[in-house]
Amino acid sequence: MAEPWHPGETPEEQAARRAAYQRLVDAARRVGVPLERLARAIEKVARNETETRRFLSDEVYGVPDDLLDDLVRVRLNVLRGRDT
C-alpha cells in the first residue's frame, strides 16, 4: 500500500503515521480484509477530510485552510467554557 505522506511533515509525524498505517495493515490481515479494500477505505476517509475542511473553511468559517485548525480549536474551547 502506498503511504500518502503529506509534504512538510516532520520525521516524527511521518514515523507516527507510518506506525498507524502498519497497525491498520496488521489488523486488516488478522481479520482477513484485503489490503485493496483497506486502501479504498483510507482513500475515502482522506477525500472526506479534504471535503470537510474545504466546507468548513469556505462555507462555515470563511478562513483559509491553514487557519482552520486553530480557529476550530479556539471555537471548541469557547464552547467548553474555556478562554483558549
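Source: prediction; values computed, not measured.

1. Details of the nonpolar core
Soluble, globular proteins show a tendency: their nonpolar side chains are buried together.
Argument step 1. Formed by Tyr21, Val25, Ala28, Leu38 and Ile42, the largest nonpolar core amounts to five residues.
Argument step 2. Listed by contribution, the elements that provide at least two residues to this core are α1 (11–31) and α2 (35–61).
Argument step 3. Looking at this core, the element that brings in the most residues is α1, giving three residues.

2. A few points about the pattern of salt bridges
Argument step 1. Across all of its chains, the model carries five salt bridges by this definition.
Argument step 2. Measuring nitrogen to oxygen at the nearest pair gives 2.8 Å for the salt bridge that ties Asp65 to Arg53. Here Asp65, found in helix α3 (residues 65–79), pairs with Arg53, found in helix α2; they are twelve residues apart in sequence, far enough to count as distant.
Argument step 3. The partly exposed category is assigned to Asp65, whose relative accessible area is 39%.
Argument step 4. Looking at Arg53, the relative accessible area reads 19%, which means it is buried.
Argument step 5. What emerges from the salt-bridge pattern is a single network uniting Glu51, Arg54 and Asp58.

3. Some remarks on α2
Argument step 1. Taking 1.5 Å of rise per residue, the 27 residues of α2 would be expected to cover 39 Å, and the 37 Å separating its terminal C-alpha atoms lies within 8% of that figure.
Argument step 2. Residues of α2 that are buried make contact with α1 and α3.
Argument step 3. Following α2 by one or two positions, Gly62 adopts a phi angle in the positive range, close to 65 degrees.

Cut-off values and rules
- Residues numbered from 1 in each chain as written.
- Predicted model: local features only at pLDDT ≥ 70, side-chain atom pairs only at ≥ 80, totals over all residues.
- Heavy atoms only, no water.
- Core = buried A, V, L, I, M, F, W, Y, C linked by side-chain atoms within 4.5 Å.
- Buried < 20%, exposed > 50% of the residue type's maximum accessible area, 1.4 Å probe, protein only.
- Helix = DSSP H or I, 4+ residues; strand = E, 2+ residues; numbered from the N terminus.
- Salt bridge = Lys/Arg side-chain N within 4 Å of Asp/Glu carboxyl O.
- Expected span 1.5 Å × (residues − 1).
- Contact = heavy atoms within 4.5 Å.

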